[in-house]
Amino acid sequence: MSADPSRQRATAPSWPRRTGAFVLRVLRDFQEHQGLLLAGAVAYYTLLSIVPLSAIILVALSHFVNEAQLIQTIARNLELLIPGYADSIASQVRTFFARRHLVGVVGFVIMLFFSSMAFSVLESTMAVIFSHRKQSLRRPFFISAIIPYVYILLIGLGFFLVTIISGALDALDRKSVLMLGYELSLAGSSKVLLYFLGQAGMVLMLTSLYLVLPVGHISLRHALSGALT
């Protein structure tokens, strides 16, 4: 005998109740896992890592791309990450670059260590967030150690591509388009395109963080949703 569908709908919890229960569960877990402390740690180590990470990328890519254009690209991307502080950090990176001959092999290794700290803290934070998973899902130490440096390489490649693209887009400011007999100037279009390019790159990077850092499988849909949020 089949149950009455109307009775099933009446006994099923409504979506406001499900949403409220979900929000309460998230807030409870956030408090239990000291979410504010984890967020502060991620923010602190990210700020601590930005200058050495930018310096390493600048030194490596300065052999292929103009220095001024590189610093400009780094400042544009930092403005998306930490609005209001991009110019001061870019100035510190520029000062370091002017004295890069004073940094030896030991200094370079120390900078590489500090630039990887943010990714290590992110991985630890992800482990807390996904602590409900089985303890058997542990990542080998070698993989955890190499992930930050792989990301540093990928970020360097991303800066290289954005720098090349920005150089091509700057040419748009000096061009115009003839449409229906009217000449439309493209001045300012490069800034808009670079902004959306930076946003797309940040979404891709955050999506990759959600896919790689948690131990175990995360669906692409969930990772992309988190990155867009």
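Residues numbered from 1 in each chain as written. Predicted model: local features only at pLDDT ≥ 70, side-chain atom pairs only at ≥ 80, totals over all residues. Heavy atoms only, no water.

Draft legend 1. Layout of the packing of aromatic side chains. Counting across every chain of the model gives 3 aromatic pairs. For the pair phenylalanine 113 and phenylalanine 114, a centre-to-centre distance of 5.5 Å together with 75 degrees between the ring planes defines the contact as edge-to-face. A residue is classified by how much of its surface remains accessible, and phenylalanine 113, at 48% relative accessible area, is partly exposed. (Phe/Tyr/Trp six-rings, centres within 6.5 Å; stacked < 30°, edge-to-face > 60°. Buried < 20%, exposed > 50% of the residue type's maximum accessible area, 1.4 Å probe, protein only.)

Draft legend 2. Main features of the packing of helix H3 (residues 35-61) against helix H7 (residues 117-129). In contact at an axis separation of 8 Å, H3 and H7 are set at 165 degrees when each is read in the N-to-C sense. What the angle tells us is that H3 and H7 run roughly antiparallel. The handedness of the crossing between H3 and H7 comes out as left-handed. Facing Leu38, Ala41, Val42, Tyr45, Thr46, Leu48 and Ser49 of H3, the residues of H7 in contact are Met117, Ala118, Val121, Leu122, Thr125 and Val128. Of the residues in the contact of H3 with H7, the class split is 10 nonpolar, 3 polar and no charged. (Axes fitted to C-alpha atoms, helices over the stretch in contact; angles between N-to-C directions. Helix = DSSP H or I, 4+ residues; strand = E, 2+ residues; numbered from the N terminus. Parallel < 35°, antiparallel > 145°, perpendicular 65-115°, else oblique. Left-handed = near helix turned anticlockwise from the far one by under 90°. Contact = heavy atoms within 4.5 Å. Nonpolar A, V, L, I, M, F, W, Y, C, P; charged D, E, K, R; others polar.)

Draft legend 3. Up close: H7. With 13 residues, H7 extends 18 Å from end C-alpha to end C-alpha; this agrees with the ideal 18 Å at 1.5 Å per step. For H7, the complete set of buried residues consists of Met117, Ala118, Phe119, Val121, Glu123, Thr125 and Met126. (Expected span 1.5 Å × (residues − 1).)

Draft legend 4. Representation of unusual backbone geometry in the model. At glutamine 34, a residue that is not glycine, the phi angle is positive and equals roughly 55 degrees. Positionally, glutamine 34 belongs in the loop between helix H2 (15-32) and H3.

Draft legend 5. The arrangement of the environment of isoleucine 155 in detail. You can see isoleucine 155 is positioned in helix H8 (residues 141-169). Distance from isoleucine 155 to leucine 53, taken between C-alpha atoms, is 9.3 Å for residues 102 residues apart in sequence. Aside from chain neighbours lying at most four places away, what touches isoleucine 155 is Leu53, Ile57, Phe119 and Met205.

Draft legend 6. Structural detail: the packing of H3 against helix H5 (residues 86-98). Between H3 and H5, whose axes approach to 9 Å, the crossing angle comes to 50 degrees. Here H3 is positioned oblique relative to H5, judged by the angle of their axes. The crossing of H3 and H5 is right-handed. Only Ile89, Gln92, Val93, Phe96 and Phe97 of H5 make contact with H3, whose side of the interface consists of Ile50, Val51, Ser54, Ala55, Leu58 and Val59. Classifying every residue of the contact of H3 with H5 gives 9 nonpolar, 2 polar and no charged.

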